[in-house]
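Summary of structural features
The residues making up each chain are set out below.
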Amino acid sequence: MQTLAVDIASTFVDDATALVTGSGRALLRFATGPIDRIANACDIAGVLTERRATFRMWRANRDRARHEGRRISLLGRLSPFRRLAHLT
């Protein structure tokens, strides 16, 4: 019975975290939309397009490695150093 309560609680926390993260990303995208449009209009050499493609490849490789590796705990998600995990 205790494992069911823990599973429900962890599911709720995961869903709440995803909701907050998604809302933050949507708000950030809305706020930076005009800046991105101006930057794309001024990008004559195609530097931004190349950087985005490189970032997408890096993120795809990172996601694939994450699925193969271990699952990140709740404390790992809340850690201020979580973005530095690739340095270890």
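Residues numbered from 1 in each chain as written. Predicted model: local features only at pLDDT ≥ 70, side-chain atom pairs only at ≥ 80, totals over all residues. Heavy atoms only, no water.

**A short note on the overall build of the chain**
Here is the rule we go by: What counts as a helix is a DSSP run of H or I of at least four residues, what counts as a strand is a run of E of at least two, and both are numbered from the N terminus. Only protein chains enter the accessibility calculation, which uses a 1.4 Å probe; a residue whose area is less than 20% of its type maximum is buried, one above 50% is exposed, and one in between is partly exposed. For accessible areas, the Shrake-Rupley method is used with a probe of radius 1.4 Å. Any residue's cover is judged against the shown protein chains and nothing else.
Looking only at helices and strands, the chain features 3 helices and 0 strands. When the helices and strands of the chain are listed from N to C terminus, the series reads α-α-α. Each of the 88 residues in the chain was classed as buried or not, and the buried ones make up 2%. In the structure as shown, the chain presents an accessible area of about 8,300 Å², 65% of it carried by carbon and sulfur atoms.

**A short note on a positive patch on the surface**
Using the following cut-off: Each patch is assembled from residues with relative accessible area greater than 30% and no salt bridge, linking like charges that lie within 9 Å and nonpolar side chains (Val, Leu, Ile, Met, Phe, Trp, Tyr) that lie within 5 Å. By definition, a salt bridge exists where a carboxyl oxygen of Asp or Glu is found within 4 Å of a side-chain nitrogen of Lys or Arg. The positive count covers Lys and Arg only, the negative count covers Asp and Glu only, and His and the chain ends enter neither. To locate a charge, take atom NZ for lysine, CZ for arginine, CG for aspartate or CD for glutamate.
On the surface, a cluster of positive charge is made up of Arg25, Arg29, Arg52, Arg56 and Arg59. Listed by contribution, the elements that provide at least two residues to the positive patch are helix H1 (2-42) and helix H2 (47-68). For the positive patch, the leading source of residues is H2, giving 3 residues. The topology assignment puts Arg56 in helix H2.

**Points about the side chain of Asp43**
For the record, the criterion: We call two N or O atoms a polar contact when they sit within 3.5 Å, provided that within protein one can donate a hydrogen and the other can accept it, with sequence-adjacent residues counted only if both atoms are side-chain atoms. Contact criterion: two residues are considered in contact whenever any of their non-hydrogen atoms come within 4.5 Å of each other.
By the element assignment, Asp43 lies in the loop between H1 and H2. The charged side chain of Asp43 is buried without a salt bridge, its nearest counter-charge being Arg52 at 5.9 Å. Within the local environment of Asp43, its side chain forms a polar contact with the backbone nitrogen of Leu48, the two atoms lying 3.0 Å apart. Every residue in contact with Asp43, bar those within four places of it in the chain, is listed here: Leu48 and Thr49.

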